[in-house]
Each structure stands twice: as structure tokens, then as C-alpha cells.
Amino acid sequence: MHSENMILKHPLSVRIFHYLLVISFLPLAATGLILFFKPFSENAMNLAMRIHVAAGILLTFDAAAFFIIGYKRVVLFLRRVFSISGNDFKWFAVLGGYPQKLLLHKKVPVPPMGKYNSGQKLFGACVFIGGVALIFTGIALWAFPHNLPHGTVALMGHVHTIAAWALTLFLCVHVFLGIYMFDDFKAMFLHGKIPYDEAKEMAPLWVGNEIIAVNKK
Amino acid sequence: MSDQDYKYIENPLHVTRREFITITGIVVAFLALPAIWIRSAALSNNEYIKARIRNLYQDDVKSKIRVSHANKSVARYYSEFGGKPLSHLSEELLHTKYINRTKILS
């Protein structure tokens, strides 16, 4: 690893948030699917529900803690994922060049991107909106199902299911592309750093506008 | 790996006071609106529960027999046929069994 040309992309706080997100969301998705399809005995379904609730509490605390501790990073994240430009439409027109690269082994011109490409921005917006919806409806369905009218509970159940399906399906794409971009995968799970040259190729606007040299004392 | 072996970082974000107030206001509104809606929905639901409780108490006030053990028909059933509460025959005839219908209902 050429240590002199590395960018700290994911600081420790982000990595810890992501670790907790992984160990809470994966059991949530697995037990959520079990609760949706009901393939097991009553005892197994009860166990699945307990795991689902425990993982949901962990995810809620993780999200709330990161919102407070990593306030500036949350603001940055929201600013990035909810900003739309013409480049985003151009990016979606060629799907970031990934299908051409993966299926045809061809490289097509892709508009310059910031820290997140347009697909990641869409994923980020879905994670934020869907995640907030999942947390709030999940808490209400778990803690106050008998205090709310049947119609409200049913509506929350539908919102919870739709958001969960959307995020679970998005997760499959996220995991695949995360492993495909292996340097970014290592950065998120290990050391937080990515090579400068690769970042410049993948996210030229981010490197050009937002990356600064560290002041060595 | 130490945290010193990188040369570049992201330019740190500076949130101004105006931005902080705006963002916090949006977050508070975002949290408060569903909370108010859930609270009002829960309160209106509680009105139905309270009305139901009120009517059950009214029924109790009007009823001559308010508890099962004071019911002469039930007492006659036990004295002439069922033996005593929780007897084998009574349990067989009166107790219900749990049937899992969650798959049928969903």
C-alpha cells in the first residue's frame, strides 16, 4: 500500500456506525423475511420475532447515536444524497458504465461524480427515508400496537413491509457493488483509506473540490 | 495500521448557526409531526376503549347476576352434572383448545 497517497474516506466513527449497521440490519432482514413468509413452527417464529426486536433496538440506538455524535457527517451525507444535477441524469442514462464494463468489457464515458455517484445517492436517499420509516413504524408496531387504531397499525405494517423489501433488495445490489469495488470495501471494513489515484478516477469532483492535504506537524 | 499513514482528508464541514437551526428545526418537525399524529390516533382509540369500559360498568350495574359463580344455572350444572370446576368432565366439555390460525389469517 502506497501510504503517501491515501485519502481517509471513512473515519473511525463512520466505520463503527457501519459495523453496527451490518450486525443489526442483516439479522433484521433475515428474521424479517422469516416473519413475512412464516415457514417455521410457532416456537421458531417467536424466536425470530425476539431476534428481530433486539436487532431493531440496536439499529435504532446506532442511528440515534450517529446522528448526535456524527452530526456534521449526517449533514454532509444529506446534502450530498439530496443534491441533484444534470450529471445524475447522464449517469443514469449509462448506469454508471457498470453494465457495459461487467457484461461487454467496454469502457464508456461517465460524467464526473462527487463522493457518491448517482446510484449511491439514490441508495443513500432510500436508506435515509426508508430507514427512518422502518425505525418509527417498527417502534410503534412493537411498543404500542394496542394503543393505536387498527387502521393505523395496518397502515404502519404496510409501510414497514414495503420499506423493508425495498432496502433488502437494495442491499443485495449494495453488497455486490461494494465487493466489486474492493478498495472501498476494505476501506469501510478495515482501515478507512482509499488510494488517491483511484478516488480521482471514480470521484473526480470529490477529490477536486473537497479533499485537502493533511497538515503534518 | 495507524491513522497517520494517509496524506489527504475531506475538508471538514463547518455548519453555521443558521444552518444548525434550520436542520434542527426540520428534524424536530420531522419527529414531531408523526408523534402528534400517533398521539391523536392513540387518544381517539382510547376514547373507544373508555366508552366500552363505561358501558360494561353500566351493564354490570343493571345486571342482577354479575359473576359466574353466582349464576344459578352454572351452579346447577356443577351440582347435577359437571361435578366441580376444573373436573375432568368440565374441562373436556367447557375448555377451549388453541389452534394456530396465523397462516390462514395472513
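Conventions and cut-offs
- Residues numbered from 1 in each chain as written.
- Chains lettered and ligands numbered in written order.
- Predicted model: local features only at pLDDT ≥ 70, side-chain atom pairs only at ≥ 80, totals over all residues.
- Helix = DSSP H or I, 4+ residues; strand = E, 2+ residues; numbered from the N terminus.
- Buried ≥ 20, exposed ≤ 12 C-beta atoms within 10 Å, placed from the backbone.
- Core = buried A, V, L, I, M, F, W, Y, C linked by C-beta atoms within 7 Å.
- Contact = placed C-beta atoms within 7 Å.
- Nonpolar A, V, L, I, M, F, W, Y, C, P; charged D, E, K, R; others polar.
- Pairing = 2+ DSSP bridges.
- Axes fitted to C-alpha atoms, helices over the stretch in contact; angles between N-to-C directions.
- Parallel < 35°, antiparallel > 145°, perpendicular 65-115°, else oblique.
- Left-handed = near helix turned anticlockwise from the far one by under 90°.

Draft legend 1. Broad picture of the overall build of chain A. The number of helices and strands found in chain A is 10 helices and 3 strands. With respect to the three principal axes, the spread of C-alpha positions in chain A is 55 × 45 × 30 Å. Within the span of chain A, comprising 217 residues, buried residues form 22% of the whole.

Draft legend 2. Quick look at the overall build of chain B. Counting secondary structure elements, chain B contains 4 helices and 1 strand. If you list the helices and strands of chain B from N to C, you get β-α-α-α-α. Along the longest, intermediate and shortest principal axes, the C-alpha atoms of chain B span 95 × 45 × 25 Å. For chain B, with 106 residues in total, the buried portion stands at 2%.

Draft legend 3. Structural detail: the nonpolar core. Residues and elements named next belong to chain A. Ranked by size, the top nonpolar core spans 15 residues in total, and within it Ile7 and Ala199 carry the most contacts. If you tally residues by element for this core, the top one is strand β1 (residues 6-8), at 3 residues. Apart from the residues within four sequence positions on either side, Ala199 is in contact with Ile7, Ile194, Trp206 and Val207. The next biggest cluster of nonpolar side chains, apart from the first, holds 5 residues, and it includes Val127, Leu134, Ala164 and Leu167.

Draft legend 4. Quick peek at the interface of chain B and chain A. Each partner contributes residues to the interface: chain B has 21 residues there, and chain A has 26 residues. Contributing elements (two or more residues each) for the side of chain B that touches chain A: β1 (8-10), α1 (17-62) and α4 (102-105) of chain B. For the side of chain B that touches chain A, a count of residues per class yields 11 nonpolar, 6 polar and 4 charged. As paired strands, strand β3 (residues 211-213) of chain A and β1(B) are joined by 3 bridges and run antiparallel to one another. Among the inter-strand pairings, A:Ile212 is bridged to a residue of β1(B), identified as B:Ile9.

Draft legend 5. Main features of the packing of helix α1 (residues 12-37) of chain A against helix α2 (residues 42-69) of chain A. Residue and element names in this part refer to chain A. Running from N to C, α1 and α2 cross one another at 155 degrees; their axes reach a closest spacing of 8 Å. Relative to α2, the element α1 lies roughly antiparallel. The hand of the α1/α2 crossing is left-handed. For the pair formed by α1 and α2, the contact residues are Ser13, Phe17, Leu20, Leu21, Ser24, Phe25, Pro27, Leu28, Thr31, Gly32, Ile34 and Leu35 on the first element and Ala48, Met49, Ile51, His52, Ala55, Gly56, Leu58, Leu59, Asp62, Phe66 and Ile69 on the second. Residue classes in the contact of α1 with α2 are distributed as 16 nonpolar, 6 polar and 1 charged.

Draft legend 6. Representation of helix α2 (residues 72-82) of chain B. Of all 11 residues that make up α2(B), 0 are buried, and the element is exposed over most of its length. B:Gly83, located one to two residues past α2(B), shows a positive phi value of around 85 degrees.

Draft legend 7. Region of interest: the packing of helix α6 (residues 118-143) of chain A against helix α7 (residues 150-180) of chain A. Residues and elements named next belong to chain A. Between α6 and α7, the shortest axis-to-axis distance is 9 Å and the interhelical angle comes to 140 degrees. The way α6 lies across α7 gives a crossing that is left-handed. For the pair α6 and α7, contact is made by Phe123, Cys126, Val127, Gly130, Ala133, Leu134, Thr137, Gly138, Ala140 and Leu141 and by Val153, Met156, Gly157, Val159, His160, Ala163, Ala164, Ala166, Leu167, Phe170 and His174, respectively.

Draft legend 8. Here's a closer look at the environment of A:Lys107. Secondary-structure assignment places A:Lys107 in the loop between α5 (98-104) and α6. Not counting the four nearest positions on each side in its chain, A:Lys107 is found in contact with A:Gly97 and A:Lys101.

Draft legend 9. Inspection of the environment of A:Leu205 at higher detail. All names here are of chain A. Residue position: Leu205 is located in helix α10 (residues 204-210). For the pair Leu205 and Asp183, spaced 22 residues apart in the sequence, the C-alpha separation amounts to 19 Å. Setting aside residues up to four positions removed in sequence, Leu205 forms contacts with Pro112, Met113 and Gly114.

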